[in-house]
Amino acid sequence: MVADAKTALSRADKRALYSSELSALVPKGQVLHTDEDLRPYESDGLTVFKRAPLSVVLPATIEEVQAVMRWASSRQVPVVARGAGTGLSGGALPHEDGILLGLAKFNKILELNAEHGYARVQPGVTNLAISNVARPHGLYYAPDPSSQIACTIGGNVAENSGGVHCLKYGLTVHNVLSIDVVTVDGELLTIGAMGCDDAGYDLMALLTGSEGMLAVTVEVTVKLLPVPPVAKLVMAAFNSVSAAGDAVGSVIAEGIIPAGLELMDSPAIVAAEDFAGCGYPTDAAAVLLCELDGTEAEVNAQIGRVSDVFNRCHATALHIAETEDERLLLWKGRKSAFPAVGRISPDYYCIDGTIPRRELSTVLSRMDELSKEFGLRIANVFHAGDGNLHPLILYDASVDGETERTERLGSEILQLCVKVGGTVTGEHGVGVEKINEMCVQFDTDTLNQFHAVKAAFDPAGLLNPGKAIPTLQRCAEFGAMHVHNGQCSHPELERF
Amino acid sequence: MTNDASAALLETVQQYVAGANPFVIVGGGSKSFLGCRPAVSEPPAVVSVAEHHGVINYEPTELVMTARSGTPLSTVISTLHEHGQQLPFDPPQLPNATLGGTVACGLSGPTRPYAGSVRDHALGVRIISGKGEDCSFGGEVMKNVAGYDVSRVQVGAFGTLGVLLDISLKVLPLPESTVTLMFEQAAHDTVPMVQLARQYLPVTGAVLIGEQRFIRLAGSEAGVKAAAAQLGGESVNDDGPWTGVRDLSHAFFDDIRPTWRFSVPDYASTLELPNDDDGTPAATLYDWGGAQRWVKTNASAEVCFAAAAGAKGHATRFSEAPAGAPTHQPINGVSARLQSELRASFDPHRLCNRGRFHPELDS
Ligand SMILES: Cc1cc2nc3c(=O)[nH]c(=O)nc-3n(C[C@H](O)[C@H](O)[C@H](O)COP(=O)(O)OP(=O)(O)OC[C@H]3O[C@@H](n4cnc5c(N)ncnc54)[C@H](O)[C@@H]3O)c2cc1C
């Protein structure tokens, strides 16, 4: 039967067919389909999930993206967009029956307008490259994820990425003016505006953080901010994590919003110091890095007040970076915390939940218990100013069952974040990784509304299917495994 | 002093949904002059959120406040002030304004280009959708990327994506010190204000009114003092034009002609608007460093929309409009299709505030 012809095709046949059809849409060499060529695209930064797509297409122009999307729509083939593949939630994990749309060739900075404070760039440009071209003009792009040398601005928009300075300067959503996107059926449109707002619904906000589920970003215009003339970093040591947590609240209560306010616990301090040799006090239970920036007068006024607060909060040591080199070195330790932890353990798994800050002590002590229960060590780095936790679970994938145990521990931690009033993801996205925990955070009506939003943009569900928003059936299955307070989630659904 | 009317509101909306009965959403009624008025006017069914009021959760060191939509804006602001905090977007404080109306209309004051907008500070919302469903999006934490960012999309949607019940916003400390500087005989363009935005200075307002340019500095006392010395100008003793500009009560707004809001890039040149029939030119007040322009003109809606489009922006009528007249820059093409589908995803029968926002999305 004709209708079944498509499904009847073997994987190899489909791969051959798709590759030849795609080859007609983009220049030679821009479609990959051999096992060897596909391997680098099998996973993103979350390598526990791996899957090969049927083919990878690497368009170089907007027209090519449009042609590929029109083809995918007419053939009903799933499409997963990919930037640099540094995502930590499996957002760019390929679909086994679909194609991967790599945006690496979109790597040009199209316009830098220093006078009007913006840059227009292609989506495959790295985050840091934008600041690098802006800096000679005294400007920069504010969001600074630790992965900024590698991750792309298109990926940042898709994840609404943050960085250590987003407490004061905001997330991606606060720093992007407009984007050009290609819809699932290949139409091109501009979203957002060069002014402060646009007519109609705020699609710019909706598309930011939508994990490649609503449209493909093909151009991004970001806001550039003036580089603060002065930045100073205070490092404070504490003999308990909760004392450090209290100090964070006290800084805010003082009416000061630091540019960055980061907390590391003892295992993270030791690992980072070992890796970067940056001068962290390895005997401390917790360290706070507090950066103040602004004009000379502002920073000088605030640095004394912050130091007073830390002293009042029983800091055991206080140090103000004396030179710019030292300031950057202290940040380097923090920004390389992930690879640093990678050196003290064969594998690590980064969790990304946000909690109301007042719950920090409760959450950390519960995490301690969980760590013992599961027999797995945890190191903590924490965007303390905005409550975004990154527990790093240390494990060894070569030990039987340890990966699964790690994933279960991660899931417990995320559910704990929800329980104390937080969220399962602060900045890394849901992807495939946290899809089950979404069932804990959102009720059925809300999940249904998310699906309706998706359908408004992509009725056939071809863009990054299976990510970000769980189906109700999946929640029912997850609920059957995890019974909360004696009540399973989504009780209205039949069990399978 | 607080009241949770969500159950009653849910029941009311569900009844309207069951009967496919369109309804208008009302808070304090302070912004009833905004938006389109449908040409046929049978008295509409009303969903009033005024009885759903009160602060639900406010912990100053978390920098987050959650309040019910019917909470008077004045209560929200005074509660924050008591704790040395503020709504960073400094919204218009029209008499009887509620938090819900402020968020639904997406109105931000003169601080907006420097401190961010309502949507920039929206963290979470609970709504009743046009399907009669009680949904909660986002939350009470500052960083949250779980699910689509529906909270921010509700901002400025004029209630057409559902009835706002509870709203969580990021709040910030009040500045230690504030100074307003005045510059006389200012050139009638936005260049100096645009240049100012490229410098690292504690600016929280920049307006051009007639020949006077006002710059507001706010932050730490030492920082403000140093910036004021650097910029020069004349320091103003009272609190300057900010409240009048924010609340549309400045003498500029006494001009009896309709008020239009133009949102354009701050560097856009003078808007191309014709003189009125009697030869009177349009009058413009530049707020937001030039990115928000208040215009007094008798020009038709079509002429205003064309002028806004020419400046790569959009226009909104800010005076009560004749019945059936458009008030918001029309949306067309692919964007109109997507926005119409988005509206339908929340409110398939277009019951919430039908015809009030962008009537072209309601058919
Ligand atoms: C060591 C390390 C440190 C990190 N630190 C941070 C941090 O501090 N803060 C933070 O927020 N994140 C951090 N991350 C996570 C990651 O770098 C970000 O999520 C980043 O934005 C991903 O960008 P990417 O280009 O690698 O996107 P990818 O991983 O390729 O893709 C991510 C998602 O975006 C979609 N996507 C990509 N490009 C497009 C496009 N053009 N159009 C539509 N959808 C698209 C993909 O489909 C996928 O869903 C870190 C990661 C690592 C490995």
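In this text the structure is predicted, and so the values were computed from the model without any measurement.

Residue and element names in this part refer to chain A. The first and last C-alpha atoms of helix 10 (residues 241–253) sit 19 Å apart over 13 residues, in line with the 18 Å expected at 1.5 Å per residue. Burial in helix 10 covers these residues: V241, A243, A244, G245, A247, V248, G249, V251 and I252. Buried residues in helix 10 make contact with strand 12 (230–238), strand 13 (260–265), strand 14 (286–294), helix 12 (296–312) and helix 15 (360–374). Where helix 10 ends, the next residue or the one after it, G255, has phi of about 85°, a positive value.

A separate point is the site of the ligand. All names here are of chain A. Every one of the 33 residues lining the ligand counts as a neighbour, but A81, G83, T86, S147 and T152 are closest to it. Contact between the ligand and G85: an oxygen atom at 2.8 Å from a main-chain N or O atom of the residue. In the environment of the ligand, an oxygen atom lies 2.8 Å from a nitrogen or oxygen atom belonging to the side chain of N156. Burial of the ligand by the protein amounts to 94% of the accessible area it has alone, namely 980 Å². Secondary-structure elements contributing two or more residues to the shell around the ligand are strand 3 (79–82), helix 6 (153–159) and strand 10 (216–223).

This paragraph deals with the sheet that holds strand 7 (residues 134–138) of chain B. All names here are of chain B. Overall, antiparallel pairing links the 5 strands, which are arranged 3-4-8-6-7 in an open sheet. If you trace the sheet from one side to the other, it starts and ends with strand 3 (55–59) and strand 7, each paired once. Between one strand axis and the next, the sheet turns by 10° as a mean value, whatever way the strands run. Both strand 6 (residues 122–128) and strand 8 (residues 163–170) contribute to a ladder of 6 bridges, which runs antiparallel. Bridge pairing links I127 to L164 in strand 8.

Another point: the nonpolar core. Among the nonpolar cores identified, the biggest contains 151 residues, and L206(A), F238(A) and F310(A) are the most heavily contacted of them. With 7 residues, helix 10 of chain A is the single largest residue contributor to this core. In this structure, this core is formed jointly by two domains, domain 1 (6–173 + 344–361) and domain 2 (176–324) of chain B, each of which donates at least three residues.

Below, the discussion takes up the pairing of strand 4 (residues 64–68) of chain B. Residue and element names in this part refer to chain B. The buried fraction of strand 4 amounts to 5 of the 5 residues, a majority that puts the element mostly inside the structure. Here strand 4 shows no split at all, with V64, T66 and R68 on one side and M65 and A67 on the other all buried. Here strand 3 hands over to strand 4 after 4 residues, with L63 in that stretch at a positive phi of 60°. Of the strand pairs in this sheet, strand 4 and strand 8 are connected by 5 bridges, and their pairing is antiparallel. Of the residues in strand 8, the one forming a bridge with M65 is L169.

Residue and element names in this part refer to chain A. Here we have 4 strands laid out as an open sheet, ordered 1-2-4-3, and mixed in their pairing. In this open sheet, the two edge strands, each paired with only one partner strand, are strand 1 (31–32) and strand 3. Sheet analysis places strand 1 next to strand 2 (residues 55–57), joined by 2 bridges and oriented antiparallel. Bridge pairing links V31 to V57 in strand 2. Each of strand 1, strand 2 and strand 4 (99–102) touches helix 2 (residues 11–23); the most contacted strand, strand 2, lies at about 15° to it. Most of the contacts of helix 4 (residues 62–75) go to strand 4, to which it runs at about 165°, and overall it touches strand 2, strand 3 and strand 4.

Residue and element names in this part refer to chain B. Looking at the assigned domains, one finds that chain B contains domain 1 (6–173 + 344–361) and domain 2 (176–324). Just the C-alpha atoms count here: the centres of domain 1 and domain 2 sit 26 Å apart. In this complex, domain 1 contributes 18 residues to the contact, which on the side of domain 2 involves 21 residues. Together domain 1 and domain 2 conceal approximately 1700 Å² of surface at their shared face, both sides included; 60% is due to carbon and sulfur atoms. Together, R37, P110 and Y114 form the three largest contributors to the area buried by domain 1 at its contact with domain 2, with a combined 40%. Notably, a salt bridge pairs R37 with E320, separated by 4.0 Å at the nearest N-O pair. Classifying every residue of the side of domain 1 that touches domain 2 by side-chain character gives 11 nonpolar, 4 polar and 3 charged.

Our next topic: empty space enclosed by the protein. Residue and element names in this part refer to chain B. Here the structure, examined in full by the defined rule, presents 3 cavities of 30 Å³ or more. Lining of the largest cavity is provided by 20 residues; of these, L123, N144, V145, D149 and R152 occupy positions nearest its centre. Of all the elements in the fold, those that place two or more residues in the lining of the largest cavity are strand 6, strand 7 and helix 6 (150–154). Considering each element in turn, the lining of the largest cavity owes the most residues, 3 residues, to helix 6. Grouping the constituent residues of the lining of the largest cavity by class yields 10 nonpolar, 7 polar and 3 charged.

Residues and elements named next belong to chain A. Inspection of every chain in the model, using the stated rule, returns 1 disulfide over all chains. The disulfide bridge from C439 ends at C475, spanning 2.1 Å between sulfur atoms. Disulfide C439 to C475: torsion about the S-S bond roughly -80°, handedness left-handed. In this pair, C439 sits in helix 17 (residues 435–441) while C475 sits in helix 19 (residues 472–481), placing the two residues 36 residues apart along the sequence.

Further remarks concern the interface of chain B and chain A. Listed by partner, the interface residues are 69 residues for chain B and 88 residues for chain A. The contact between chain B and chain A buries some 6200 Å² in all, and 61% of this surface belongs to carbon and sulfur atoms. It is K143(B), Y148(B) and Y200(B) that lose the most area in chain B upon contact with chain A, and together they represent 17% of the buried surface on that side. Counting the contacts that link chain B with chain A gives 8 salt bridges. A salt bridge links D202(A) to R119(B); the nearest nitrogen and oxygen atoms lie 2.8 Å apart. Between the two partners, chain B and chain A, sit 27 residue pairs in polar contact (both at pLDDT 80 or more). Of all the elements, helix 11 (residues 333–346) of chain B adds the most residues to the side of chain B that touches chain A, at 10 residues. Residue composition of the side of chain B that touches chain A, grouped by class: 33 nonpolar, 18 polar and 18 charged.

Below, the discussion takes up the environment of S365(A). Along the chain, S365(A) turns up in helix 15. In the structure, S365(A) is positioned 123 residues away from S242(A) in sequence and 9.4 Å away in space, judged by C-alpha atoms.

Turning our eyes to something else, we now look at the packing of aromatic side chains. Following the criterion strictly, the structure yields 15 aromatic pairs over all chains and no others. For the ring pair Y18(A) and W71(A), a centre distance of 5.3 Å and an interplane angle of 85° mean the geometry is edge-to-face. Linking Y18(A) in helix 2 with W71(A) in helix 4, this pair joins segments that are 53 residues apart in sequence. Considered together, Y18(A) and W71(A) belong to a single accessibility category, that of buried residues. Ring geometry for F33(B) and F318(B): centres 6.4 Å apart, planes at 65°, overall edge-to-face. Of the two residues, F33(B) is situated in the loop between strand 1 (23–26) and strand 2 (45–48) and F318(B) in the loop between strand 17 (314–317) and helix 11; the sequence distance between them amounts to 285 residues. Exposure remark for F318(B): the relative accessible area of 9% places this residue in the buried category. Taken together, the ring pairs connect F33(B), F252(B), F253(B), W294(B) and F318(B) into an aromatic cluster.

Parameters and conventions
- Residues numbered from 1 in each chain as written.
- Chains lettered and ligands numbered in written order.
- Predicted model: local features only at pLDDT ≥ 70, side-chain atom pairs only at ≥ 80, totals over all residues.
- Heavy atoms only, no water.
- Helix = DSSP H or I, 4+ residues; strand = E, 2+ residues; numbered from the N terminus.
- Expected span 1.5 Å × (residues − 1).
- Buried < 20%, exposed > 50% of the residue type's maximum accessible area, 1.4 Å probe, protein only.
- Contact = heavy atoms within 4.5 Å.
- Near = heavy atom within 4 Å.
- Polar contact = N/O pair within 3.5 Å; in protein donor to acceptor, adjacent residues only side chain to side chain.
- Areas by Shrake-Rupley, 256 points an atom, 1.4 Å probe, with all protein chains shown as cover.
- Pairing = 2+ DSSP bridges.
- Axes fitted to C-alpha atoms, helices over the stretch in contact; angles between N-to-C directions.
- Core = buried A, V, L, I, M, F, W, Y, C linked by side-chain atoms within 4.5 Å.
- Domains from an automatic or database assignment.
- Buried area = accessible area lost by both parts, 1.4 Å probe.
- Salt bridge = Lys/Arg side-chain N within 4 Å of Asp/Glu carboxyl O.
- Nonpolar A, V, L, I, M, F, W, Y, C, P; charged D, E, K, R; others polar.
- 1 Å grid on protein atoms, 1.4 Å probe; cavity = no way out; pocket = protein on both sides within 12 Å on 5 of 7 lines; lining within 4 Å.
- Points joined across faces, edges and corners; volume = space filled by probe spheres on them.
- Disulfide = S-S within 2.5 Å.
- Phe/Tyr/Trp six-rings, centres within 6.5 Å; stacked < 30°, edge-to-face > 60°.

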